[in-house]
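A closer look at the structure
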Amino acid sequence: MSDGRSFDDIVREARLRLLRMHYESGVGHLGGNLSALDILLCAYHQVLGPDDVFILSKGHAAGALYVTLSTKGLVTDDELRQFHKDGTLFSGHPPPSGIAAIPFATGSLGHGLSLASGMALGKKLKGEPGRVLCLTSDGEWNEGSCWEALAFLVTHRLDNLVLIVDANGLQGFGRTEDVLRLEPLAEKFAGFGLRTIEVDGHNHEALSRALRGGAGAVIARTIKGKGVSFMEDRMEWHYLPLKEAQYLQAVRELEGACATSSATRS
Amino acid sequence: MRNVFRDSLVAQAARPEFVFLTGDLGFMALEPLRAALGARFINAGVAEQNMVSVAAGLAKVGLRPWAYSIAPFLYARPFEQIRNDVCFHDLPVVLVGNGGGYGYGVMGGTHHALGDYGALLTLPNLRVFIPAFDEDVVVMVGRLFEEPHPVYLRLGVSEKPASLGLPPYAPWRRLVRGNGPCLLVAGPLVGAIAGAAVALDEETRPNIWVLSELPFPPPPPEFHADVRRADSLMVVEEHVAAGGVGAMLALHLLGQGQAPRRFRHRAALGYVSGRYGSQQFHRHECGLDPESVLADLITTS
């Protein structure tokens, strides 16, 4: 990294910042932010080029997006501190204007892939370079419009679009498989004609390789609440804000995990 | 009106930024446009939600997308996509709804758009264009390529009588002059009403205005003068009263201190008998046909 920090340092700091941001503002949605953060960081630091576009269709991971943008210098620290405050641009879901790096307001699920398809098709019609990456959740595939978009992007051979699914297996009020059965998702995507690969959504090397590799769809198998023991794979962390003791424990766990990780590497 | 719309767009096909999307509609009508646009003519399938968001994405990269379907399929099914993806971002997408009001007649209520512009005008940045005549479509199509905001274009069937001289296009136009009451109409049904009115003697003949853009620009002084002289105004539209031109104009006139003594509104009433029929059948049931409008206007003003 240009400022001397390793990618692992950036990931560690981003995860802690994401926690603090949510704790200080007293809001939830942490589970799906933590499952998506590695994907966002890999995309922004190791995959996206100057002509590429990223659309966060799972807008409830706005916190992870804002933090990721801050690691790239696209959002300032002062701006991050405005998260969820009155008068902020940094609302609970990405806003339609005012943050240059965010192309579309999202938050109602099932919009992003169609928007990405429009941008990808537009790039092709104009002969412009670059790809469009779009991150959806897995519960989002309950929305019929996602399947409309999937058929559209395959029909129009949008090979400049990469669909990423943050497959953490949990959604608003139940397990994804119990609410509306989604699996086998890779087979379904492949059945549409989309080259699809599945990766560990917390393995940075595998993730970045997959996102660079020319696949049409990358299903990132993730853990909701990744990195915090009492949040991992627990539906309630779609909603709950952190209490002080929980926040302190979460910080200890994340710092400990990073220390362990560093020790293991060395 | 649809064929004039198509021909006007074919004339614009050389614009490199022009992209046309259809929700799998246009058989026996849009084929010349498809031929003219090539890859920039996109049949997005029976998937209006995706079509509208794709249009937003296309506009985001600097293209000028027009998205077309039967009016209710275009505005009601993808309403959230219009709100979030097009209007929140103030993108220059033209949404074209064919068959506004009871335009699809006996096809039934699923194919009617009785609350389209009222619903859409609750959204930020969006403008509505309601051509009354084929001639309006030609002017509007050229203008809409320069419009920097989202647009809903409500197409119908031109009903211009041969006897009616048409003034140049403007958002507010007086089509018929007389010494009678004042009538404002939105939409193509003004043609038949104006055609019937020109046969009346000058003393009873109403001043008939047509309004074609919403939110409307301030009415011209001549309109206020007509309302003031008659001290009465009737508004007619093929749209439900809620969110309609009648409510908008009444509020405006009240706010300006220009409200006449008498204000009447004739609007779409849904399905009065519970039966279905042609556009004329439904207009008649709602009292929107020329005979009902003029009889009420002249005998009670």
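This one's a predicted model, so the numbers in the text were calculated from it and none came from an experiment. (Residues numbered from 1 in each chain as written. Chains lettered and ligands numbered in written order. Predicted model: local features only at pLDDT ≥ 70, side-chain atom pairs only at ≥ 80, totals over all residues. Heavy atoms only, no water.)

**Examining the overall build of chain A**
Worth spelling out the cut-off: Helix numbers and strand numbers start at the N terminus; a helix is a DSSP run of H or I with at least 4 residues, a strand a run of E with at least 2. C-alpha atoms define the radius of gyration, and 2.2 Å times the number of residues to the power 0.38 defines the globule rule. Burial classes: relative accessible area under 20% of the type maximum marks a residue as buried, over 50% as exposed, and values in between as partly exposed (1.4 Å probe, protein chains only). Between two residues, a contact is recorded if the distance between any of their heavy atoms is within 4.5 Å. Per-residue and other accessible areas follow the Shrake-Rupley method at a 1.4 Å probe size, with only the shown protein chains counted as cover for residues.
A tally of helices and strands in chain A yields 10 helices and seven strands. Its C-alpha radius of gyration of 18 Å places chain A within 12% of the 18 Å reference for a compact globule of 266 residues. Once the C-alpha set of chain A is aligned to its principal axes, its extents read approximately 50 × 45 × 40 Å. Split into buried and exposed, the 266 residues of chain A put 53% on the buried side. Nonlocal contacts in chain A, meaning residues at least 24 apart in sequence, comprise 71% of its contacts between residues at least 6 apart. Carbon and sulfur atoms make up 51% of the accessible area of chain A, which amounts to about 10800 Å² in all.

**Remarks on unusual backbone geometry**
The residue after Glu 183 of chain A, namely Pro 184 of chain A, is reached through a cis peptide bond having omega 5°. Look at His 84 of chain A: it is not a glycine, yet its phi comes out positive at around 70°. Tracing the backbone shows His 84 of chain A in the loop between helix 4 (77–80) and helix 5 (112–126). When its relative accessible area of 36% is taken as the criterion, His 84 of chain A is described as partly exposed. Even without a glycine there, the phi angle at Met 28 of chain B is positive, about 65°. Within the secondary structure, Met 28 of chain B sits in the loop between strand 1 (18–22) and helix 2 (31–37).

**Let's talk about the sheet that holds strand 6 (residues 196–200) of chain A**
All names here are of chain A. Stated formally: Here the rule is simple: two strands pair whenever DSSP picks up at least two bridges between them. Orientation is described by lines fitted to C-alpha atoms, with helices fitted over the stretch in contact, and by angles between N-to-C directions that extend from 0 to 180 degrees.
Read from one edge of the open sheet, five strands run 1-2-3-7-6, paired in parallel fashion. Of all the strands in the sheet, just strand 1 (53–56) and strand 6 have a single pairing partner and so form its edges. Taking each pair of neighbouring strands and ignoring which way they run, the sheet shows an average axis angle of 20°. Note that strand 3 (residues 161–167) and strand 7 (residues 217–221) share five bridges and pair parallel. The residue bridging Ile 164 from the neighbouring strand is Val 218, located in strand 7. In this fold helix 9 (residues 204–212) packs onto strand 3, strand 6 and strand 7, with an angle of close to 165° to the strand it touches most, strand 6.

**A word on the domain arrangement of chain B**
Residues and elements named next belong to chain B. Worth spelling out the cut-off: Residue ranges assigned to each domain were obtained from an automatic or database domain assignment. Defined in terms of a 1.4 Å probe, buried area is the accessible area two parts forfeit on being brought together, summed over both. For salt bridges, the criterion is a side-chain nitrogen of Lys or Arg within 4 Å of an Asp or Glu carboxyl oxygen. Amino acids are sorted into nonpolar (Ala, Val, Leu, Ile, Met, Phe, Trp, Tyr, Cys and Pro), charged (Asp, Glu, Lys and Arg) and polar (every other residue, Gly among them).
Taken domain by domain, chain B holds domain 1 (2–155) and domain 2 (172–300). Its C-alpha centre places domain 1 at a distance of 26 Å from the equivalent point of domain 2. Taken together, the 27 residues of domain 1 in the interface contact 30 residues of domain 2. Both faces combined, the contact of domain 1 with domain 2 buries some 2100 Å², and carbon together with sulfur accounts for 60% of it. Area buried by domain 1 at its contact with domain 2 is led by Tyr 102, Leu 114 and Tyr 117, which between them contribute 32% of it. For the interface between domain 1 and domain 2, the tally reads two salt bridges. Counting residues per element, the ones that place at least two in the side of domain 1 that touches domain 2 are helix 6 (116–120), strand 5 (127–129) and helix 7 (134–144). Of the residues assigned to the side of domain 1 that touches domain 2, the class counts are 13 nonpolar, nine polar and five charged.

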